[in-house]
Amino acid sequence: MNSTRFQLLVHRTTTPKHQTTLSHLNHNLASTAVSSISETYPSFPYRKAEDPAKTLPNLLASAANILYLDQVYAHVVRTRVLEVYPVPFHWNNIIRSYTRFNAPIKALYIYIVMSRAGLLPDCYTLPIVLKATCQCFAINFGRQLHSIAIMIGLELNQFCESGFINLYTKAGEFENARKVFDENPDRKLGSWNAIIGGLAQSGRAKEAIDLFLELKKCGFLPDDVTMVSVTSSCGSLGDLELALQLHKCVFQAKSSEKSDILMWNSVIDMYGKCGRMDLAYAVFSRMEETNVSSWTSMIVGYATHGHVEKALDCFLCMREVGVKPNNVTFVGVLSACVHGGKVEQGKFYFDMMKNVYGIRPNLQHYGCMVDLLGRAGLLEEARKMVEEMPMKANVVIWGCLMGACEKFGNVEIGEWVAKHLQVMEPWSDGVYVVLSNIYASNGLWKDVERVRGIMKQRKLAKTPGYSLAASSD
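Below or above, wherever it landed, is the structure these notes cover. What you see is a predicted model, and the numbers here were worked out from it, not measured in a lab.

The rules we used
- Residues numbered from 1 in each chain as written.
- Predicted model: local features only at pLDDT ≥ 70, side-chain atom pairs only at ≥ 80, totals over all residues.
- Heavy atoms only, no water.
- Helix = DSSP H or I, 4+ residues; strand = E, 2+ residues; numbered from the N terminus.
- Buried < 20%, exposed > 50% of the residue type's maximum accessible area, 1.4 Å probe, protein only.
- Contact = heavy atoms within 4.5 Å.
- Areas by Shrake-Rupley, 256 points an atom, 1.4 Å probe, with all protein chains shown as cover.
- Arc of directions from axis to C-beta.
- Phe/Tyr/Trp six-rings, centres within 6.5 Å; stacked < 30°, edge-to-face > 60°.
- Salt bridge = Lys/Arg side-chain N within 4 Å of Asp/Glu carboxyl O.
- Expected span 1.5 Å × (residues − 1).
- Polar contact = N/O pair within 3.5 Å; in protein donor to acceptor, adjacent residues only side chain to side chain.
- Core = buried A, V, L, I, M, F, W, Y, C linked by side-chain atoms within 4.5 Å.
- Axes fitted to C-alpha atoms, helices over the stretch in contact; angles between N-to-C directions.
- Parallel < 35°, antiparallel > 145°, perpendicular 65-115°, else oblique.
- Left-handed = near helix turned anticlockwise from the far one by under 90°.
- Nonpolar A, V, L, I, M, F, W, Y, C, P; charged D, E, K, R; others polar.

## Digging into the overall build of the protein chain
Alright, step 1. Of regular secondary structure, the protein chain possesses 27 helices and 0 strands.
Alright, step 2. Within the protein chain, the proportion of its 473 residues that are buried is 48%.
Alright, step 3. In the protein chain, of all internal contacts separated by at least 6 residues, the share reaching a separation of at least 24 is 66%.
Alright, step 4. Of the roughly 24200 Å² that the protein chain leaves accessible, carbon and sulfur atoms contribute 53%.

## Section: helix α17 (residues 277–286)
Alright, step 1. All of the buried residues along α17 are Met277, Ala280, Val283 and Phe284. Along α17, the residues classed as buried sweep out an arc of 120 degrees about the axis, all on the same side.
Alright, step 2. Looking at the buried positions of α17, the neighbouring elements they touch are α15 (240–253), α16 (261–273) and α18 (292–304).

## Remarks on unusual backbone geometry
Alright, step 1. The phi angle at Asn102 is positive, at roughly 55 degrees, despite the residue not being glycine.
Alright, step 2. Its location among the elements puts Asn102 in the loop between α6 (88–100) and α7 (104–116).
Alright, step 3. One non-glycine residue with positive phi stands out, namely Phe137, at about 55 degrees.
Alright, step 4. Inspection of the secondary structure puts Phe137 in the loop between α8 (125–135) and α9 (139–152).

## As for the packing of aromatic side chains
Alright, step 1. Under the criterion given, the structure shown has 11 aromatic pairs.
Alright, step 2. Plain terms: the ring middles of Phe181 and Trp192 are 4.9 Å apart, the flat faces sit at 85 degrees to each other, and that makes the pair edge-to-face. Here the residue Phe181 occupies a position in helix α11 (residues 174–183), and Trp192 occupies one in helix α12 (residues 189–201), the gap between them amounting to 11 residues.
Alright, step 3. A ring pair is formed by Trp398 and Trp416, whose centres lie 5.1 Å apart and whose planes are at 70 degrees; its orientation type is edge-to-face.

## Points about the pattern of salt bridges
Alright, step 1. A full pass over the atoms with the stated rule returns 18 salt bridges.
Alright, step 2. The closest approach of N and O atoms between Arg80 and Glu83, which form a salt bridge, is 3.0 Å.
Alright, step 3. The class of Arg80 is partly exposed, set by a relative accessible area of 48%.
Alright, step 4. Between Lys342 and Glu309 there is a salt bridge; the shortest N-O distance is 3.0 Å.

## A word on helix α26 (residues 430–441)
Alright, step 1. The terminal C-alpha atoms of α26 lie 17 Å apart, and with 12 residues this matches the ideal 16 Å at 1.5 Å per residue to within 8%.
Alright, step 2. Among the 12 residues of α26, 9 are classified as buried, and the element is accordingly described as predominantly covered.
Alright, step 3. Those residues of α26 lying buried are Gly430, Val431, Tyr432, Val433, Val434, Leu435, Ser436, Ile438 and Tyr439.
Alright, step 4. For α26, the secondary structure elements touched by its buried residues are α24 (395–408), α25 (411–424) and α27 (445–457).
Alright, step 5. Gly443 sits one or two residues past α26 and shows a positive phi near 70 degrees.

## Quick look at the environment of Arg383
Alright, step 1. Among the structural elements, Arg383 can be located in helix α23 (residues 379–388).
Alright, step 2. Since its relative accessible area comes to 17%, Arg383 is described here as buried.
Alright, step 3. Sequence-distant contacts of Arg383, that is, excluding residues within four places in its chain, are made with Glu412, Ile413 and Trp416.

## Quick word on the side chain of Thr329
Alright, step 1. Following the sequence through the fold, Thr329 ends up in helix α20 (residues 327–340).
Alright, step 2. With relative accessibility at 0%, the residue Thr329 sits in the buried group.
Alright, step 3. Here Asn326 takes part through its side chain, which lies 2.8 Å from a polar atom of the side chain of Thr329.
Alright, step 4. Setting aside anything within four residues of it in sequence, one finds Thr329 in contact with Val292, Thr296, Ile299, Phe315 and Met318.

## Topic: the environment of Gly374
Alright, step 1. With respect to the helices and strands, Gly374 occurs in helix α22 (residues 363–375).
Alright, step 2. Measuring from C-alpha to C-alpha, the distance between Gly374 and Val338 comes to 9.7 Å, with 36 residues separating the pair along the chain.
Alright, step 3. Those residues in contact with Gly374 that sit more than four places away from it in its chain are Leu379, Ala382, Ala404 and Phe408.

## A word on the nonpolar core
Alright, step 1. The biggest cluster of nonpolar side chains holds 139 residues, and the ones touching the most others in it are Phe164, Leu401 and Met402.
Alright, step 2. When neighbours within four sequence positions are excluded, Phe164 is seen to be in contact with Leu130, Gly142, Leu145, His146, Ala149 and Val180.

## Here we look at the environment of Asp313
Alright, step 1. In this structure, Asp313 sits in helix α19 (residues 308–320).
Alright, step 2. Judged by its relative accessible area of 44%, Asp313 falls in the partly exposed class.
Alright, step 3. Considering only alpha carbons, one finds Asp313 and Ile299, 14 residues apart in sequence, at a separation of 8.8 Å.

## Side note on the packing of α7 against α8
Alright, step 1. With their axes 8 Å apart at the nearest point, α7 and α8 run at an angle of 140 degrees to one another. As the angle between them shows, α7 and α8 are arranged oblique. When you trace α7 past α8, the crossing you get is left-handed. Along the contact surface, α7 presents Pro104, Ala107, Leu108, Tyr111 and Met114, while α8 presents Thr125, Val129, Ala132, Thr133 and Gln135.
Alright, step 2. Per-class residue counts for the contact of α7 with α8 are 7 nonpolar, 3 polar and no charged.

Here is the structure:
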């Protein structure tokens, strides 16, 4: 094969951690005792009269957890089924089963064992292994797979091609992803979806839209996968005119064979980000089927644009129809409370999230609560929440609290926050400017001069029109 036909922009890297993990996995997967398997599953894995080649796929498909899957594989190794039937089909099923349980390291290990057994991957093996590679971000391993695909002539297979595009976009190697895409003159819709989706998920919305327009010019009809990526990109751009045009494309991409709920949820989110909650509601109200994402998109949209009561009413309706909220739902609910200054309701929903739904608060939830308390002037409560958080506060949370200190002129907590911000962002002049303003509002002019002196000493000149990022009014 012509060595210049495909050249990747590969950089030399050190051995990644995942390869070390693979090397230590050894035969742990086959360490389960057969006696314990038989005790747990009396008929495991198949009767003597049955053909193992026919029974194995059913066993793998029926595996309800990773422990049972490990037991199936252990018996496969001990009974040498894969040696008796040396075809990729059974290896593929085992690898696919591990990726289904989000166990990519084990999946890659099975592939390595398959390779050492002298079997080459087929057009079904590589997409599955590439999925596992993306799950554990084993980019160097993926590059090796690409070399193998070129060697055995599978690099242009539509499923392999999509897998490699997905791999490189997840790694941020967009030039390599585009090389894979451009290399095939007879590319299929799956490859278009992979490159557009990769760009959309990486925040390159304009490029994703441009490729979508190119797809249309080439005569392809987009499907629901295409439209989810494109509407997401449109929402990121906030382009209402484009959104209205894409809505028409969504109607064209509707499928009677499968649910369109994901696509319509993306349209709701798109209109919400474009500031048209009336259009988002029009789509939502006409949906035959809704799920937690549908409701969450509405709640977050209303909260983002300051429609506090509508957001909270939507959350109430969601609970009444029996849809269980998730962590993103509560980000929207708490954001609505922040915009509306509803301190008690915010506390109530924060407790509900933990105690009723068993959702562990993350940085976004704590950020909303700190912002809510800070805006209300409850700075001691906000400080207590920051101190009791199970994780370290980020710059956004400290910035919210600093903004609240400036608003209410709280010197003590302002100095406390400033110390943390100075450690996290020593190059930023924003914290000094805000601290100086706090001192000035309290008539502490000597401290104002001291802070300005520090700024001069550190050569921090205030950027015109710039201050510390804070969300308090």
